[in-house]
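Overview (structure and organization)
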There are 2 protein chains.
Amino acid sequence: MYRPDIKVVDCTIRDGGLANNSYFTMDAVRAVYKAVCESGVDYVELGYRNSKKFFSPEKYGLWRFCDEDVLRQATEGIDPRGTKLSVMQDSHKADPDDVLPKEKSVVDMIRVATYVKDVDKAIRLANNATEKGYETTINIMAISHEGSPFLEEALDQIEKETNALAVYIVDSFGALYSETVHYLVEKYQMYVKTKEIGVHFHNNQQLAFANTVEGVIKGANFLDGTLYGLGRAAGNCPIELLLSFLKNPKFNVLPLLDVIGKTIIPLREQIEWGYTIPYMLSGVLDRHPQLSMQWVESGGPRKHDYVEFYRQLTEDPEQ
Amino acid sequence: MYRPDIKVVDCTIRDGGLANNSYFTMDAVRAVYKAVCESGVDYVELGYRNSKKFFSPEKYGLWRFCDEDVLRQATEGIDPRGTKLSVMQDSHKADPDDVLPKEKSVVDMIRVATYVKDVDKAIRLANNATEKGYETTINIMAISHEGSPFLEEALDQIEKETNALAVYIVDSFGALYSETVHYLVEKYQMYVKTKEIGVHFHNNQQLAFANTVEGVIKGANFLDGTLYGLGRAAGNCPIELLLSFLKNPKFNVLPLLDVIGKTIIPLREQIEWGYTIPYMLSGVLDRHPQLSMQWVESGGPRKHDYVEFYRQLTEDPEQ
């Protein structure tokens, strides 16, 4: 019934950090880390290893940088039970020198997020991590805006020039449907022969979990999810749904349900995520959610005047 | 790009009535009716035409019975622009005599909801409606609990003994995945040759919209949705997502977005619907959402103790 090759990556703290400038308390991160380890999920991503040259430590929390001592504090005394620790580097906002040799680090995997135009930077970061002893993936963001022939060239380069474990389809704008997921997995499979394909979906159209399942059906083996879908804007594939679908007996969803009730639900007082009409519209129109986030956060009496918001979104002369 | 055969049914007031005993104000129903007519959606279902012998008018609101004078009040002065009016009868809780001849009614379609075991009652009600001049469908509820050979016999009977326009797959428990949707549409197609197939999905696993799209891909042509997913428990396929996906130029999503902001969002103060862990669990476990609804409505400090709720759900000796 289940496919043992499948690896699940919990990126609650990393992706959720886009919604709160990576300000999570140490207690919250330890609770998430402990629950994910107990659940049998393969990887847990605790934040970005981005550069303080690009992000001010005054403006961003600890989990935007994931210094080694911070990660040690987050994981100390908790049995990982086989769950590996991941951090993400943005191809255009990270420094290879911020990555220590693996033997001096608690990190197991470094995932590099990139746009197609920055793929050479991504390859440099991924190879830097590989050389220092880490597992790596390359995650191609904003995939619904990436077209031929540049996407194919990037896939070909990643295939030939890196030892990444997986190359990801990242639907940053929540714009994909099952048919576009199928199309993209098949396209990736034409170029990526020695690596796995990964999928990371957003929930603007309530399709993050459904599209992940479609990725599985087509052969994707690296699957991202977050607790209760926590993430920027409409959020992500809820990892509790994913584990229940996958049916691998090594997974146990109960620690995840427990930490959702105790740690994630209270976060709703600080972070607003999930399906709303402004996020639905940015997904349907295949746009960055930034304007929708501003609209949702603005509050006030016009917050639910969706016709006015639609007008603003679609009259922008630059679009 | 679009399939002109597809008919969309808005059942916000009918399905939402399961969450509030069909107590909607006349103003709310008129606002929904007007918006759906303006949007170009094919049918709007304003409630049940169930019997006062089974439902007390003291305990249930107007939209559980949809008396003709009530429907006239709801629709008076509003241009239907081609949108047809539907009501639903439960096969085991409705009276054929409550249906007037079509020429004395504002109703265009009567949909009969049934379990497989009650299919003979459903056929009687559907044929009663057909004889009196209405369009009809038969909607098989709790489809994830219906198995061979009874489901096949029911489909065969409906095909041979009725003039229903469509036979529905109704995923009452939100338990289906894309592969089970494909399986069921194909099974229906083996028996249902002269009628359309309809789909009605619940959102326990955030799959209501995704499964509707999968139904479309396999050939289902009657599609149910509700405004912002309003409905009992986890709710339904959000009709605004469905219209945006379908791309038929006769549809206009803006009146729907407008009424969502003005009429549906305020209802959240009285009705709690949408994805929560208790509904996710009833979907994953393929159970009626009743225990989950009780848990969600109970409130209090243990509301988010999902491990305890899981224990209660799974230790019940009758399950």
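In this report, we go over the structure that sits alongside the text.

**Examining unusual backbone geometry**
Backbone geometry follows two general trends: most residues other than glycine have a negative phi, and most peptide bonds adopt the trans configuration. A cis amide bond, omega -5°, links serine 148 of chain A with the succeeding residue proline 149 of chain A. Mapping proline 149 of chain A onto the fold places it in the loop between strand S5 (135-140) and helix H5 (150-161). Non-glycine residue serine 22 of chain B carries a positive phi angle of around 60°. Judged by relative accessible area, serine 22 of chain B falls into the buried class, the value being 1%.

**Examining the pairing of strand S3 (residues 84-90) of chain B**
Residues and elements named next belong to chain B. In terms of burial, S3 is largely enclosed, as six of its seven residues are buried. Of the pairings in the sheet, the one linking strand S2 (residues 43-48) to S3 comprises four bridges and is parallel in character. When the bridges of S3 are listed, glutamate 45 appears paired with serine 86. Bridge analysis of S3 against strand S4 (residues 109-114) gives five bridges, and the strand direction is parallel. Among the inter-strand pairings, valine 87 is bridged to a residue of S4, identified as isoleucine 110.

**With respect to the nonpolar core**
Formed by 184 residues in total, the largest nonpolar core has its most connected members in Trp63 and Ile169 of chain A together with Trp63 and Ile169 of chain B. Beyond its immediate sequence surroundings of up to four residues, isoleucine 169 of chain A is in contact with Ile140, Ile143, Leu176, Leu184, Val185, Tyr188, Ile197, Gly198, Val199, His200 and Phe201 of chain A. One finds Tyr48, Met109, Met141 and Tyr168 of chain B within the second-largest nonpolar core, a separate group that totals 13 residues.

**Observations concerning the environment of leucine 165 of chain B**
Residues and elements named next belong to chain B. With respect to the element layout, leucine 165 can be found in the loop between helix H5 (150-161) and strand S6 (166-171). For the pair formed by leucine 165 and lysine 53, sequence separation is 112 residues and the distance between their alpha carbons is 28 Å. Those residues within four positions of leucine 165 in sequence are excluded, and the remaining contacts are Tyr43, Glu135, Thr136, Lys195, Glu196 and Phe222.

**Some thoughts on helix H10 (residues 277-284) of chain A**
By the criterion of burial, H10 of chain A is predominantly enclosed, with seven of the eight residues buried. Within the span of H10 of chain A, buried status applies to Ile277, Pro278, Tyr279, Met280, Leu281, Ser282 and Gly283 of chain A. The elements touched by buried residues of H10 of chain A are helix H11 (290-298) and helix H12 (306-315) of chain A together with helix H8 (239-246) and helix H9 (254-267) of chain B. Residue aspartate 286 of chain A follows H10 of chain A closely and has a positive phi angle near 60°.

**Observations regarding the relation of the copies chain A and chain B**
When chain A is fitted to chain B, the best match, at an RMSD of 0.0 Å, comes from turning it 180° and sliding it 0.0 Å along the axis. With respect to symmetry, the two chain copies, as superposed, fit the operation of a two-fold axis. Of the interface residues in chain A, 100% have counterparts in chain B that sit at the interface too, so the contact is made through matching surfaces.

**Describing the packing of H10 of chain A against H8 of chain B**
Two quantities define a packed helix pair, namely the angle between the helix axes and the distance between the axes. The contact between H10 of chain A and H8 of chain B brings their axes to 11 Å, and the two run at 15°. Our classification of the angle between H10 of chain A and H8 of chain B gives roughly parallel. Read as a crossing pair, H10 of chain A and H8 of chain B show a hand that is right-handed. Residue-level inspection shows Ile277, Met280 and Val284 of chain A of H10 of chain A in contact with H8 of chain B, the latter providing Glu240, Leu241 and Ser244 of chain B. Looking at the contact of H10 of chain A with H8 of chain B residue by residue, the classes come out as four nonpolar, one polar and one charged.

**Some remarks on the packing of aromatic side chains**
This model, assessed by the stated rule, comprises 16 aromatic pairs over all chains. When the ring of tyrosine 177 of chain A is compared with that of phenylalanine 209 of chain B, the centres are 6.4 Å apart and the planes differ by 75°; the resulting orientation is edge-to-face. Residue tyrosine 177 of chain A is found in the loop between strand S6 (166-171) and helix H6 (178-191), and its partner phenylalanine 209 of chain B is found in helix H7 (residues 208-218); the two belong to separate chains. By relative accessible area, which is 14% here, tyrosine 177 of chain A ends up buried.

Criteria and thresholds
- For every chain, the first residue of the written sequence is number 1, and numbering continues from 1 onward in sequence order.
- Throughout, the order in which chains and ligands are written sets their labels, letters from A for the former and numbers from 1 for the latter.
- Per-residue local features of the predicted model are confined to residues with pLDDT of at least 70, and side-chain atom pairs are confined, for both listing and counting, to 80 or more; whole-chain, interface and lining totals are unaffected and use all residues.
- Water and hydrogen atoms play no part in the side-chain values, which are based on all heavy atoms of the structure.
- Secondary structure is summarised from DSSP: a helix means a run of H or I of at least four residues, a strand means a run of E of at least two, and numbering begins at the N terminus for each.
- Classification of residues uses two cut-offs on accessible area relative to the type maximum, computed with a 1.4 Å probe and protein chains only: under 20% is buried, over 50% is exposed, and between them is partly exposed.
- Think of it this way: DSSP has to see at least two bridges between two strands before they count as a pair.
- Grouping buried Ala, Val, Leu, Ile, Met, Phe, Trp, Tyr and Cys residues that are joined through side-chain atoms within 4.5 Å yields what is termed a nonpolar core.
- By the convention used here, residues are in contact when the closest approach between their heavy atoms is within 4.5 Å.
- Our superposition of the copies is a least-squares fit, built on the C-alpha atoms of residues whose pLDDT is at least 70 in both.
- A fitted line through C-alpha atoms serves as each axis, taken over the contacting stretch for helices, and the angle formed by two N-to-C directions is quoted from 0 to 180°.
- Angle categories: roughly parallel below 35 degrees, roughly antiparallel above 145, roughly perpendicular from 65 to 115, and oblique for all the rest.
- By definition, any crossing whose near helix is turned counterclockwise from its far helix by less than a right angle is left-handed, and any crossing with a clockwise turn is right-handed.
- Classification used: nonpolar for Ala, Val, Leu, Ile, Met, Phe, Trp, Tyr, Cys and Pro, charged for Asp, Glu, Lys and Arg, polar for all others including Gly.
- Stacked, edge-to-face and tilted labels apply to pairs of Phe, Tyr and Trp rings (six-membered ring for Trp) whose centres lie within 6.5 Å, assigned for plane angles under 30 degrees, over 60, and everything in between, in that order.

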